[in-house]
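Next come the chains, spelled out residue by residue.
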Amino acid sequence: MKIIRLDSTDSTNAWLKRRVGEDDSECLVYAREQTAGRGQRGNSWESEPGQNLTASALLHPEGIEPSRQFIVSEAVALAVTDVLRGLGIKAMVKWPNDIYVADRKICGILIEHAIMSRSILHTVAGIGLNLNQRQFLSDAPNPVSASQITGMAYDVDRMAIILADTLKERLKEAISAPEALHTEFISALWRGDGNMYPFLDVSSGEQFKGRISGIAPDGILTLEDSDGSLRQYAFKEVSFIL
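Residues numbered from 1 in each chain as written. Predicted model: local features only at pLDDT ≥ 70, side-chain atom pairs only at ≥ 80, totals over all residues. Heavy atoms only, no water.

Before going further, it helps to spend a moment on the overall build of the protein chain. Along the protein chain, the regular secondary structure elements total five helices and 12 strands. Relative to its length of 242 residues, the protein chain is compact, with a C-alpha radius of gyration of 17 Å against a globular reference of 18 Å. Each of the three principal axes of the protein chain carries a C-alpha extent, and together these read 55 × 45 × 30 Å. Within the protein chain, residue pairs in contact and separated by at least 24 positions form 62% of the contacts whose partners lie at least 6 positions apart. Element-wise, carbon and sulfur atoms account for 47% of the exposed surface of the protein chain, whose accessible area totals about 11500 Å². (Helix = DSSP H or I, 4+ residues; strand = E, 2+ residues; numbered from the N terminus. Rg over C-alpha atoms; globule rule 2.2 N^0.38 Å. Contact = heavy atoms within 4.5 Å. Areas by Shrake-Rupley, 256 points an atom, 1.4 Å probe, with all protein chains shown as cover.)

The subject of this paragraph is the pattern of salt bridges. Following the criterion strictly, the structure yields 14 salt bridges and no others. Among the ionic pairs, Arg 19 bridges to Asp 23, the shortest N-O distance being 2.8 Å. What makes Arg 19 buried here is its relative accessible area of 8%. Between Arg 231 and Glu 206 there is a salt bridge, with the nearest N and O atoms lying 3.1 Å from each other. Placement of Arg 231 in strand E11 (residues 230-233) and of Glu 206 in the loop between strand E8 (197-201) and strand E9 (207-215) is noted, with a sequence separation of 25 residues between them. Each of Asp 82, Arg 85, Arg 170, Glu 173 and Glu 184 takes part in a single network of salt bridges with overlapping partners. (Salt bridge = Lys/Arg side-chain N within 4 Å of Asp/Glu carboxyl O. Buried < 20%, exposed > 50% of the residue type's maximum accessible area, 1.4 Å probe, protein only.)

We now examine the sheet that holds E11. On the basis of which strands lie adjacent, the open sheet formed by five strands has the order E11-E10-E9-E8-E12 and antiparallel pairing. The open sheet has two edge strands with one neighbour each: E11 and strand E12 (238-240). Averaged over all neighbouring strand pairs, the angle between strand axes comes to 50°, with direction disregarded. Relative to E9, E8 is paired through four bridges, and the arrangement is antiparallel. Each residue of the ladder has a partner; that of Phe 199, found in E9, is Phe 208. (Pairing = 2+ DSSP bridges. Axes fitted to C-alpha atoms, helices over the stretch in contact; angles between N-to-C directions.)

Viewed as axis vectors pointing N to C, helix H4 (residues 156-176) and helix H5 (residues 178-187) meet at an angle of 120°, and their least axial separation amounts to 6 Å. The orientation of H4 relative to H5 falls into the category oblique. In this structure, H4 uses Arg 170, Glu 173, Ala 174, Ile 175 and Ser 176 to contact H5, whose residues at the interface are Pro 178, Leu 181 and Glu 184. Residues that form the contact of H4 with H5 fall into these classes: four nonpolar, one polar and three charged. (Parallel < 35°, antiparallel > 145°, perpendicular 65-115°, else oblique. Nonpolar A, V, L, I, M, F, W, Y, C, P; charged D, E, K, R; others polar.)

Here the focus is H4. Over its 21 residues, H4 extends 30 Å from the first C-alpha to the last, a length consistent with the 30 Å expected when each residue adds 1.5 Å. Here H4 has its buried residues at Val 156, Met 159, Ala 160, Leu 163, Ala 164, Thr 166, Leu 167, Arg 170, Leu 171 and Ala 174. Residues of H4 that are buried in the fold lie against strand E1 (2-9), strand E2 (27-34), strand E3 (53-59), helix H2 (70-85), strand E7 (119-129) and H5. (Expected span 1.5 Å × (residues − 1).)

Next up on the list: the layout of surface pockets. In this structure, the second largest pocket encloses a volume near 290 Å³. Lining of the second largest pocket is provided by 15 residues; of these, Gln 69, Phe 70, Ser 73, Pro 96 and Phe 235 occupy positions nearest its centre. Within the residue set of the lining of the second largest pocket, elements represented by two or more residues are H2 and strand E6 (104-116). No other element matches the three residues that E6 contributes to the lining of the second largest pocket. For the lining of the second largest pocket, a count of residues per class yields eight nonpolar, six polar and one charged. (1 Å grid on protein atoms, 1.4 Å probe; cavity = no way out; pocket = protein on both sides within 12 Å on 5 of 7 lines; lining within 4 Å. Points joined across faces, edges and corners; volume = space filled by probe spheres on them.)

Turning to the pairing of E3, a few remarks are in order. Summarising burial for E3: seven of the seven residues are buried, a large majority. Residues of E3 alternate between two faces, with Leu 53, Ala 55, Ala 57 and Leu 59 on one and Thr 54, Ser 56 and Leu 58 on the opposite face, all of them buried. Bridging between E2 and E3 involves five bridges; their strand directions are antiparallel. Bridge pairing in E3 links Ala 31 to Thr 54. Of the strand pairs in this sheet, E3 and E7 are connected by seven bridges, and their pairing is antiparallel. When the bridges of E7 are listed, Ala 57 appears paired with Ala 125.

Structural data, given as structure tokens:
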């Protein structure tokens, strides 16, 4: 996988999408500074210039049907947990694809697919991994960095290479052994231990307790509430209460 380093760009996801058509080869682009980095729900992503790994990967998930596209998200999320494990950090995946250490967010992921008919043309996976930043100034409730956890500093260029290699391997698994990868994803879920946790039904405003019961190939989350009823939610329809 080709690796491209930028000094500054609006967002690595946007940069990659502008590049598609000129060069469709798989690559990972990362930037010292993003002036308009994006998170989920259209939020901005706080990152001190030069301190973190703000990257996007152009992937070709060949053979994966659009109805099973969530397996790509699973592969990307597990790749990030692999990278963190290499630093001695145990991380979990908060559905759909944030990465948590205990109850603090160390990485955000934004997946964007280009789909035509029955195939995924390509995927742009944006990854914001907090590495060396020690102070967070935004109103995000629970950020943390690898350096805050371990007390060590990390070479961003080296971490980009490791991430690119790990993404490549995890995408191969998503294509060749999706059932095994999905099983591993389920075992890596934050708050996926079978206990009851508080949730918010976004549309109704109802707060309830539930446990994760399963995740469908399209990413739909099934929760079992305290009455034993099963509730199904797409992304943005339910929130974890911290």
